[in-house]
Amino acid sequence: MTTLVLCVDRTDDIGRKTGLTTPVVGWEAVQSLVTEVGLADPEDSSVNCLLETLRVARELRDEDDEAVVAVVAGGGDSIVGADRSVAAQLDRLVEEYAPDSAVVVIDSVQDERLVPVVESRLPVDAVDRVVVRQAHDLESTYYLLKQFLADEELRTTLLVPTGIGLLLLPILLTQFSPTIALAGLASLLGAALLYKGLAVDELLEDVPDRLRAAMYSGQVSVVTYVVSAGLTLVGVFLGALSVSNAPVGETALLPAMQFTYAAVPWLALAALTASAGRLLDELISAEGVRTPYLNLPFGVVALGLVVRGFSGYFLEREGVLSNLVLFDRVLLTATQRLALFIVVGIVVSLVGVRVAVRVTDDGIDAVDAGGGEDADA
(Lines give C-alpha, C1' and ligand atoms only; values in the text may rest on other atoms or scores of the structure.)
Protein backbone atom coordinates (compact mmCIF):
# COMPACT_ATOMS: atom_id res chain seq x y z
CA MET A 1 0.00 0.00 0.00
CA THR A 2 1.43 3.36 -1.08
CA THR A 3 0.48 6.53 0.80
CA LEU A 4 1.15 9.99 -0.58
CA VAL A 5 2.14 12.33 2.26
CA LEU A 6 1.35 15.69 0.72
CA CYS A 7 2.33 19.15 1.97
CA VAL A 8 0.03 21.75 0.37
CA ASP A 9 0.95 25.41 -0.09
CA ARG A 10 -1.87 27.22 -1.86
CA THR A 11 -0.25 30.69 -1.94
CA ASP A 12 3.16 29.36 -3.13
CA ASP A 13 5.13 30.93 -0.26
CA ILE A 14 7.71 28.18 -0.67
CA GLY A 15 8.24 28.89 -4.36
CA ARG A 16 8.50 32.67 -3.92
CA LYS A 17 11.06 32.43 -1.12
CA THR A 18 13.25 29.69 -2.56
CA GLY A 19 12.77 30.09 -6.30
CA LEU A 20 12.07 26.36 -6.64
CA THR A 21 9.28 24.87 -8.71
CA THR A 22 6.87 22.24 -7.43
CA PRO A 23 6.11 19.43 -7.10
CA VAL A 24 9.08 18.47 -4.94
CA VAL A 25 9.12 14.69 -4.40
CA GLY A 26 11.26 12.44 -2.23
CA TRP A 27 12.60 12.38 1.32
CA GLU A 28 15.98 13.95 0.48
CA ALA A 29 14.46 16.62 -1.76
CA VAL A 30 11.91 17.69 0.88
CA GLN A 31 14.58 17.60 3.60
CA SER A 32 16.73 19.92 1.49
CA LEU A 33 13.69 22.13 0.89
CA VAL A 34 13.23 22.55 4.65
CA THR A 35 16.73 24.03 4.84
CA GLU A 36 16.10 26.33 1.87
CA VAL A 37 12.83 27.68 3.30
CA GLY A 38 14.30 28.01 6.79
CA LEU A 39 17.27 30.02 5.53
CA ALA A 40 15.00 32.24 3.41
CA ASP A 41 12.53 32.94 6.25
CA PRO A 42 13.04 31.22 9.62
CA GLU A 43 9.72 32.65 10.88
CA ASP A 44 7.63 31.04 8.15
CA SER A 45 5.21 28.35 9.35
CA SER A 46 5.93 26.44 6.13
CA VAL A 47 9.10 25.14 7.79
CA ASN A 48 7.01 23.43 10.46
CA CYS A 49 4.61 22.13 7.82
CA LEU A 50 7.46 20.54 5.85
CA LEU A 51 8.94 18.99 8.99
CA GLU A 52 5.54 17.59 9.94
CA THR A 53 5.29 16.05 6.48
CA LEU A 54 8.61 14.28 6.98
CA ARG A 55 7.57 13.12 10.46
CA VAL A 56 4.31 11.62 9.18
CA ALA A 57 6.15 9.83 6.38
CA ARG A 58 8.67 8.39 8.86
CA GLU A 59 5.88 7.08 11.09
CA LEU A 60 4.20 5.41 8.10
CA ARG A 61 7.46 3.77 7.10
CA ASP A 62 7.96 2.51 10.64
CA GLU A 63 4.57 0.81 10.27
CA ASP A 64 5.86 -0.93 7.10
CA ASP A 65 3.81 1.31 4.78
CA GLU A 66 5.34 2.71 1.63
CA ALA A 67 5.23 6.51 1.89
CA VAL A 68 5.91 9.03 -0.88
CA VAL A 69 6.72 12.54 0.39
CA ALA A 70 5.71 15.41 -1.90
CA VAL A 71 5.17 19.16 -1.78
CA VAL A 72 2.75 20.94 -4.13
CA ALA A 73 2.14 24.68 -4.39
CA GLY A 74 -0.23 26.96 -6.25
CA GLY A 75 0.85 29.02 -9.20
CA GLY A 76 -0.72 31.79 -11.27
CA ASP A 77 -2.05 35.27 -10.66
CA SER A 78 -5.48 34.24 -9.34
CA ILE A 79 -6.96 31.80 -6.84
CA VAL A 80 -8.48 29.79 -9.66
CA GLY A 81 -5.12 29.58 -11.41
CA ALA A 82 -3.40 28.48 -8.19
CA ASP A 83 -5.94 25.73 -7.56
CA ARG A 84 -5.72 24.48 -11.12
CA SER A 85 -1.92 24.41 -10.85
CA VAL A 86 -2.16 22.24 -7.73
CA ALA A 87 -4.63 19.95 -9.51
CA ALA A 88 -2.23 19.51 -12.44
CA GLN A 89 0.65 18.68 -10.07
CA LEU A 90 -1.53 16.13 -8.28
CA ASP A 91 -2.41 14.48 -11.59
CA ARG A 92 1.31 14.11 -12.35
CA LEU A 93 2.00 12.57 -8.95
CA VAL A 94 -0.91 10.15 -9.22
CA GLU A 95 0.13 9.11 -12.72
CA GLU A 96 3.79 8.59 -11.76
CA TYR A 97 3.52 6.97 -8.32
CA ALA A 98 -0.05 5.52 -8.35
CA PRO A 99 -0.67 5.99 -4.59
CA ASP A 100 -3.58 4.26 -2.91
CA SER A 101 -4.38 7.10 -0.51
CA ALA A 102 -3.10 10.44 0.77
CA VAL A 103 -2.36 12.24 4.02
CA VAL A 104 -2.63 16.03 3.59
CA VAL A 105 -0.50 18.31 5.78
CA ILE A 106 -1.53 21.99 5.98
CA ASP A 107 -0.74 25.01 8.13
CA SER A 108 -3.55 27.47 7.31
CA VAL A 109 -7.24 27.70 6.54
CA GLN A 110 -6.44 28.74 2.96
CA ASP A 111 -4.48 25.56 2.37
CA GLU A 112 -7.38 23.53 3.76
CA ARG A 113 -9.57 24.67 0.87
CA LEU A 114 -7.45 22.46 -1.40
CA VAL A 115 -8.44 19.29 0.46
CA PRO A 116 -11.47 18.71 -1.84
CA VAL A 117 -9.12 18.97 -4.84
CA VAL A 118 -7.01 16.16 -3.38
CA GLU A 119 -10.12 14.13 -2.45
CA SER A 120 -11.34 14.29 -6.05
CA ARG A 121 -8.25 12.35 -7.11
CA LEU A 122 -7.29 10.21 -4.10
CA PRO A 123 -8.89 8.88 -0.93
CA VAL A 124 -7.71 11.14 1.91
CA ASP A 125 -6.97 9.14 5.06
CA ALA A 126 -6.19 12.15 7.26
CA VAL A 127 -5.71 15.91 7.27
CA ASP A 128 -2.86 17.03 9.55
CA ARG A 129 -3.18 20.67 10.63
CA VAL A 130 0.08 22.18 11.90
CA VAL A 131 -0.35 24.82 14.62
CA VAL A 132 2.81 26.63 15.72
CA ARG A 133 2.96 27.31 19.45
CA GLN A 134 3.80 30.87 20.50
CA ALA A 135 4.79 32.42 23.81
CA HIS A 136 1.85 34.30 25.38
CA ASP A 137 3.58 37.46 26.56
CA LEU A 138 3.56 41.10 25.55
CA GLU A 139 6.49 40.78 23.18
CA SER A 140 4.89 37.86 21.37
CA THR A 141 1.58 39.76 21.08
CA TYR A 142 3.40 42.70 19.53
CA TYR A 143 5.17 40.36 17.13
CA LEU A 144 1.91 38.70 16.08
CA LEU A 145 0.35 42.14 15.55
CA LYS A 146 3.21 43.06 13.22
CA GLN A 147 2.75 39.82 11.34
CA PHE A 148 -0.97 40.53 11.06
CA LEU A 149 -0.35 44.01 9.65
CA ALA A 150 2.11 42.56 7.15
CA ASP A 151 -0.46 40.12 5.77
CA GLU A 152 -2.02 41.77 2.72
CA GLU A 153 -5.17 39.64 2.67
CA LEU A 154 -5.97 40.25 6.33
CA ARG A 155 -5.36 43.98 5.88
CA THR A 156 -7.83 44.23 3.00
CA THR A 157 -10.37 42.05 4.81
CA LEU A 158 -10.46 43.80 8.20
CA LEU A 159 -8.48 47.03 8.24
CA VAL A 160 -9.87 48.60 5.06
CA PRO A 161 -13.58 48.29 6.04
CA THR A 162 -12.79 49.43 9.58
CA GLY A 163 -10.87 52.44 8.28
CA ILE A 164 -13.66 53.43 5.90
CA GLY A 165 -16.19 53.11 8.70
CA LEU A 166 -14.18 55.34 11.02
CA LEU A 167 -13.82 57.95 8.28
CA LEU A 168 -17.55 57.94 7.59
CA LEU A 169 -18.59 58.08 11.26
CA PRO A 170 -17.91 61.83 11.76
CA ILE A 171 -19.75 62.63 8.50
CA LEU A 172 -22.76 60.57 9.55
CA LEU A 173 -22.81 62.15 13.01
CA THR A 174 -22.88 65.67 11.52
CA GLN A 175 -25.76 64.81 9.17
CA PHE A 176 -27.88 62.40 11.21
CA SER A 177 -28.67 61.46 14.79
CA PRO A 178 -26.20 59.21 16.67
CA THR A 179 -28.63 56.28 16.41
CA ILE A 180 -28.91 56.50 12.63
CA ALA A 181 -25.16 57.08 12.26
CA LEU A 182 -24.22 54.03 14.34
CA ALA A 183 -26.83 51.91 12.57
CA GLY A 184 -25.46 52.91 9.16
CA LEU A 185 -21.89 52.22 10.27
CA ALA A 186 -22.83 48.81 11.67
CA SER A 187 -24.61 47.97 8.39
CA LEU A 188 -21.53 48.97 6.40
CA LEU A 189 -19.18 46.83 8.48
CA GLY A 190 -21.63 43.93 8.45
CA ALA A 191 -21.91 44.08 4.64
CA ALA A 192 -18.11 44.13 4.30
CA LEU A 193 -17.70 41.12 6.60
CA LEU A 194 -20.44 39.18 4.79
CA TYR A 195 -18.81 40.08 1.47
CA LYS A 196 -15.61 38.34 2.55
CA GLY A 197 -17.21 35.68 4.72
CA LEU A 198 -19.50 34.43 1.96
CA ALA A 199 -16.64 34.59 -0.58
CA VAL A 200 -18.59 36.97 -2.81
CA ASP A 201 -15.29 38.30 -4.16
CA GLU A 202 -14.34 34.82 -5.39
CA LEU A 203 -17.72 34.43 -7.09
CA LEU A 204 -17.45 37.83 -8.77
CA GLU A 205 -13.92 36.98 -9.89
CA ASP A 206 -15.27 34.21 -12.13
CA VAL A 207 -18.16 36.28 -13.55
CA PRO A 208 -16.19 37.93 -16.42
CA ASP A 209 -14.84 34.55 -17.58
CA ARG A 210 -18.30 32.98 -17.47
CA LEU A 211 -19.85 35.92 -19.35
CA ARG A 212 -17.09 35.82 -21.96
CA ALA A 213 -17.56 32.08 -22.46
CA ALA A 214 -21.34 32.50 -22.69
CA MET A 215 -21.02 35.29 -25.27
CA TYR A 216 -18.56 33.35 -27.41
CA SER A 217 -20.70 30.20 -27.29
CA GLY A 218 -23.82 32.10 -28.39
CA GLN A 219 -26.00 31.26 -25.39
CA VAL A 220 -29.50 32.75 -25.47
CA SER A 221 -29.58 32.97 -21.68
CA VAL A 222 -27.15 35.92 -21.73
CA VAL A 223 -29.82 38.11 -23.35
CA THR A 224 -32.69 36.70 -21.29
CA TYR A 225 -30.76 37.31 -18.06
CA VAL A 226 -30.38 40.99 -18.97
CA VAL A 227 -34.09 41.21 -19.81
CA SER A 228 -34.87 39.44 -16.53
CA ALA A 229 -32.82 41.96 -14.58
CA GLY A 230 -34.73 44.82 -16.25
CA LEU A 231 -38.10 43.24 -15.47
CA THR A 232 -37.00 42.74 -11.86
CA LEU A 233 -36.19 46.45 -11.57
CA VAL A 234 -39.60 47.31 -13.03
CA GLY A 235 -41.30 45.04 -10.50
CA VAL A 236 -39.42 46.52 -7.56
CA PHE A 237 -40.15 50.06 -8.80
CA LEU A 238 -43.88 49.41 -9.20
CA GLY A 239 -44.03 47.69 -5.83
CA ALA A 240 -42.29 50.61 -4.13
CA LEU A 241 -44.58 53.05 -5.98
CA SER A 242 -47.69 51.28 -4.69
CA VAL A 243 -46.37 51.44 -1.12
CA SER A 244 -45.35 55.12 -1.32
CA ASN A 245 -48.96 56.23 -1.79
CA ALA A 246 -50.30 53.97 0.96
CA PRO A 247 -51.21 55.49 4.35
CA VAL A 248 -48.88 54.69 7.21
CA GLY A 249 -50.50 52.06 9.43
CA GLU A 250 -49.68 50.56 12.76
CA THR A 251 -48.00 47.50 11.23
CA ALA A 252 -45.93 46.87 8.13
CA LEU A 253 -48.08 43.94 6.95
CA LEU A 254 -50.39 45.93 4.67
CA PRO A 255 -47.59 47.84 2.84
CA ALA A 256 -45.68 44.56 2.45
CA MET A 257 -48.73 42.92 0.88
CA GLN A 258 -49.23 45.92 -1.44
CA PHE A 259 -45.61 45.71 -2.53
CA THR A 260 -45.87 41.97 -3.11
CA TYR A 261 -49.16 42.22 -5.03
CA ALA A 262 -47.77 44.87 -7.39
CA ALA A 263 -44.29 43.38 -7.84
CA VAL A 264 -45.01 39.63 -8.07
CA PRO A 265 -46.29 39.58 -11.71
CA TRP A 266 -43.15 41.35 -12.93
CA LEU A 267 -40.83 39.27 -10.76
CA ALA A 268 -42.51 36.08 -11.99
CA LEU A 269 -42.17 37.31 -15.58
CA ALA A 270 -38.48 38.01 -14.95
CA ALA A 271 -37.92 34.53 -13.57
CA LEU A 272 -39.90 33.03 -16.44
CA THR A 273 -37.77 34.91 -18.98
CA ALA A 274 -34.53 33.74 -17.37
CA SER A 275 -35.72 30.13 -17.18
CA ALA A 276 -36.92 30.26 -20.80
CA GLY A 277 -33.49 31.37 -21.93
CA ARG A 278 -31.84 28.56 -20.01
CA LEU A 279 -34.34 26.10 -21.49
CA LEU A 280 -33.55 27.32 -25.02
CA ASP A 281 -29.83 26.78 -24.34
CA GLU A 282 -30.61 23.22 -23.28
CA LEU A 283 -32.68 22.66 -26.44
CA ILE A 284 -29.91 24.02 -28.67
CA SER A 285 -27.21 21.92 -27.03
CA ALA A 286 -26.59 18.39 -28.21
CA GLU A 287 -27.01 16.89 -24.73
CA GLY A 288 -30.79 17.33 -24.63
CA VAL A 289 -33.06 18.92 -22.04
CA ARG A 290 -32.79 17.91 -18.40
CA THR A 291 -35.96 17.53 -16.31
CA PRO A 292 -35.32 20.45 -13.86
CA TYR A 293 -35.16 22.96 -16.72
CA LEU A 294 -38.52 21.72 -18.03
CA ASN A 295 -40.14 22.02 -14.60
CA LEU A 296 -38.74 25.47 -13.86
CA PRO A 297 -41.03 27.68 -16.06
CA PHE A 298 -44.16 25.96 -14.78
CA GLY A 299 -42.94 26.19 -11.20
CA VAL A 300 -42.27 29.91 -11.56
CA VAL A 301 -45.78 30.58 -12.91
CA ALA A 302 -47.38 28.43 -10.19
CA LEU A 303 -45.42 30.14 -7.43
CA GLY A 304 -46.29 33.59 -8.80
CA LEU A 305 -50.00 32.72 -8.87
CA VAL A 306 -50.00 31.41 -5.31
CA VAL A 307 -48.07 34.38 -3.88
CA ARG A 308 -50.29 36.88 -5.72
CA GLY A 309 -53.37 35.03 -4.49
CA PHE A 310 -52.32 35.27 -0.84
CA SER A 311 -51.33 38.94 -1.10
CA GLY A 312 -54.63 39.74 -2.85
CA TYR A 313 -56.52 37.90 -0.11
CA PHE A 314 -55.05 40.14 2.61
CA LEU A 315 -55.59 43.30 0.57
CA GLU A 316 -59.20 42.40 -0.17
CA ARG A 317 -59.89 41.67 3.51
CA GLU A 318 -58.57 45.15 4.34
CA GLY A 319 -60.70 46.80 1.67
CA VAL A 320 -57.78 47.87 -0.51
CA LEU A 321 -58.87 45.62 -3.41
CA SER A 322 -62.38 45.12 -4.70
CA ASN A 323 -63.93 41.70 -5.17
CA LEU A 324 -62.78 39.75 -8.21
CA VAL A 325 -65.36 39.55 -11.03
CA LEU A 326 -65.36 36.60 -13.45
CA PHE A 327 -67.25 36.55 -16.77
CA ASP A 328 -68.86 39.92 -15.89
CA ARG A 329 -71.29 38.20 -13.52
CA VAL A 330 -69.61 35.96 -10.96
CA LEU A 331 -68.41 37.91 -7.91
CA LEU A 332 -65.72 36.12 -5.87
CA THR A 333 -65.09 36.75 -2.19
CA ALA A 334 -61.60 37.00 -0.73
CA THR A 335 -61.57 33.32 0.25
CA GLN A 336 -62.87 32.22 -3.15
CA ARG A 337 -60.23 34.37 -4.88
CA LEU A 338 -57.48 32.74 -2.78
CA ALA A 339 -58.82 29.24 -3.49
CA LEU A 340 -58.96 29.98 -7.24
CA PHE A 341 -55.34 31.16 -7.38
CA ILE A 342 -54.15 28.17 -5.33
CA VAL A 343 -56.01 25.67 -7.52
CA VAL A 344 -54.71 27.26 -10.73
CA GLY A 345 -51.18 27.25 -9.32
CA ILE A 346 -51.40 23.56 -8.43
CA VAL A 347 -52.81 22.73 -11.89
CA VAL A 348 -49.96 24.61 -13.61
CA SER A 349 -47.42 22.80 -11.45
CA LEU A 350 -48.95 19.40 -12.28
CA VAL A 351 -48.96 20.26 -15.97
CA GLY A 352 -45.26 21.05 -15.71
CA VAL A 353 -44.54 17.71 -14.06
CA ARG A 354 -46.56 15.92 -16.73
CA VAL A 355 -44.76 17.69 -19.57
CA ALA A 356 -41.33 16.96 -18.04
CA VAL A 357 -42.17 13.28 -17.59
CA ARG A 358 -43.56 13.03 -21.12
CA VAL A 359 -40.50 14.64 -22.70
CA THR A 360 -38.13 12.54 -20.59
CA ASP A 361 -39.95 9.32 -21.51
CA ASP A 362 -39.87 10.25 -25.21
CA GLY A 363 -36.14 10.88 -24.97
CA ILE A 364 -35.54 7.52 -23.26
CA ASP A 365 -37.68 5.72 -25.85
CA ALA A 366 -35.74 7.37 -28.67
CA VAL A 367 -32.43 6.32 -27.12
CA ASP A 368 -33.68 2.75 -26.60
CA ALA A 369 -34.94 2.59 -30.19
CA GLY A 370 -31.61 3.83 -31.49
CA GLY A 371 -29.75 1.30 -29.34
CA GLY A 372 -32.00 -1.51 -30.60
CA GLU A 373 -31.39 -0.57 -34.23
CA ASP A 374 -27.63 -0.52 -33.65
CA ALA A 375 -27.82 -3.93 -32.02
CA ASP A 376 -29.80 -5.34 -34.94
CA ALA A 377 -27.30 -3.90 -37.36
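Residues numbered from 1 in each chain as written. Predicted model: local features only at pLDDT ≥ 70, side-chain atom pairs only at ≥ 80, totals over all residues. Heavy atoms only, no water.

Looking only at helices and strands, the protein has 14 helices and 7 strands in total. Relative to all contacts within the protein whose residues are 6 or more apart in sequence, the contacts with residues 24 or more apart total 62%. For the protein, the computed accessible surface area is about 23200 Å², with 63% contributed by carbon and sulfur atoms. (Helix = DSSP H or I, 4+ residues; strand = E, 2+ residues; numbered from the N terminus. Contact = heavy atoms within 4.5 Å. Areas by Shrake-Rupley, 256 points an atom, 1.4 Å probe, with all protein chains shown as cover.)

Moving on, we get to the nonpolar core. Counting residues in hydrophobic clusters, the biggest one holds 21 residues, and the most contacted among them are Val5, Ile14, Val30, Leu33, Val37, Leu50 and Val71. In terms of residue count, helix 3 (residues 46-62) provides more of this core than any other element does, 7 residues in total. Core analysis: the next-biggest nonpolar cluster, separate from the first, contains 18 residues, Leu4, Ala70, Val117 and Leu122 among them. (Core = buried A, V, L, I, M, F, W, Y, C linked by side-chain atoms within 4.5 Å. Buried < 20%, exposed > 50% of the residue type's maximum accessible area, 1.4 Å probe, protein only.)

Sites flagged by UniProt as "transmembrane region" (unreviewed entry) map to residues 154-173, 179-199, 220-241, 261-280, 292-315 and 335-357. Between the C-alpha atoms that bound residues 179-199 the distance is 30 Å, and the span itself is 90% helix and 0% strand. Between the end C-alpha atoms of residues 335-357 there is a gap of 33 Å, over a span that is 100% helix and 0% strand. (UniProt positions renumbered as here; feature names shortened; annotations may be inferred.)

Counted according to the given criterion, the structure contains 1 aromatic pair. Both rings, one in Tyr313 and one in Phe314, keep their centres 5.6 Å apart while their planes meet at 75°; by these two values the pair is edge-to-face. Relative accessible area serves as the criterion here: at 36%, Phe314 is assigned to the partly exposed category. Positioned over the ring face of Tyr261 is Arg308, at 3.8 Å from the centre of the ring. (Phe/Tyr/Trp six-rings, centres within 6.5 Å; stacked < 30°, edge-to-face > 60°. Lys NZ or Arg CZ within 6 Å of the ring centre and 35° of its normal.)

Strand order in the open sheet formed by 5 strands is 2-3-1-4-5, with mixed pairing between adjacent strands. At either end of the open sheet lies a strand with only one pairing partner, and these are strand 2 (24-25) and strand 5 (124-129). Pairing geometry for strand 2 and strand 3 (residues 66-73), over 2 bridges, is antiparallel. By the bridge assignment for strand 3, Val24 is matched with Val71. Across the sheet, helix 3 is in contact with strand 1 (2-9), strand 3, strand 4 (101-106) and strand 5; its angle to strand 3 comes to roughly 165°. In this fold helix 4 (residues 79-97) packs onto strand 1, strand 2 and strand 3, with an angle of close to 155° to the strand it touches most, strand 3. (Pairing = 2+ DSSP bridges. Axes fitted to C-alpha atoms, helices over the stretch in contact; angles between N-to-C directions.)

Quick look at the environment of Pro123 now. If you trace the backbone, Pro123 turns up in the loop between helix 6 (115-119) and strand 5. Overall, Pro123 belongs to the partly exposed group, its relative accessible area being 49%. The residues contacting Pro123, other than those within four sequence positions of it, are Asp100, Ser101 and Ala102.

At a closest axis distance of 9 Å, the pairing of helix 2 (residues 27-40) and helix 3 adopts a crossing angle of 160°. When the axis of helix 2 is compared with that of helix 3, the two are roughly antiparallel. As for how helix 2 packs across helix 3, the hand of that crossing is left-handed. Judged by residue contacts, Trp27, Val30, Gln31, Leu33, Val34, Val37 and Gly38 of helix 2 engage Ser46, Val47, Leu50, Leu51, Leu54, Ala57, Arg58 and Arg61 from helix 3. Residue composition of the contact of helix 2 with helix 3, by class: 10 nonpolar, 3 polar and 2 charged. (Parallel < 35°, antiparallel > 145°, perpendicular 65-115°, else oblique. Left-handed = near helix turned anticlockwise from the far one by under 90°. Nonpolar A, V, L, I, M, F, W, Y, C, P; charged D, E, K, R; others polar.)

A few words on empty space enclosed by the protein. On inspection of all chains with the given rule, the structure shows 1 cavity of 30 Å³ or more. Approximately 40 Å³ is the volume found for the largest cavity. Lining the largest cavity are Cys7, Val8, Asp9, Ile14, Ser46, Cys49, Asp107 and Asp111. Of all the secondary-structure elements, those providing two or more residues to the lining of the largest cavity are strand 1 and helix 3. Considering every element that reaches the lining of the largest cavity, the biggest residue donor is strand 1, with 3 residues. Of the residues that constitute the lining of the largest cavity, the class distribution is 4 nonpolar, 1 polar and 3 charged. (1 Å grid on protein atoms, 1.4 Å probe; cavity = no way out; pocket = protein on both sides within 12 Å on 5 of 7 lines; lining within 4 Å. Points joined across faces, edges and corners; volume = space filled by probe spheres on them.)

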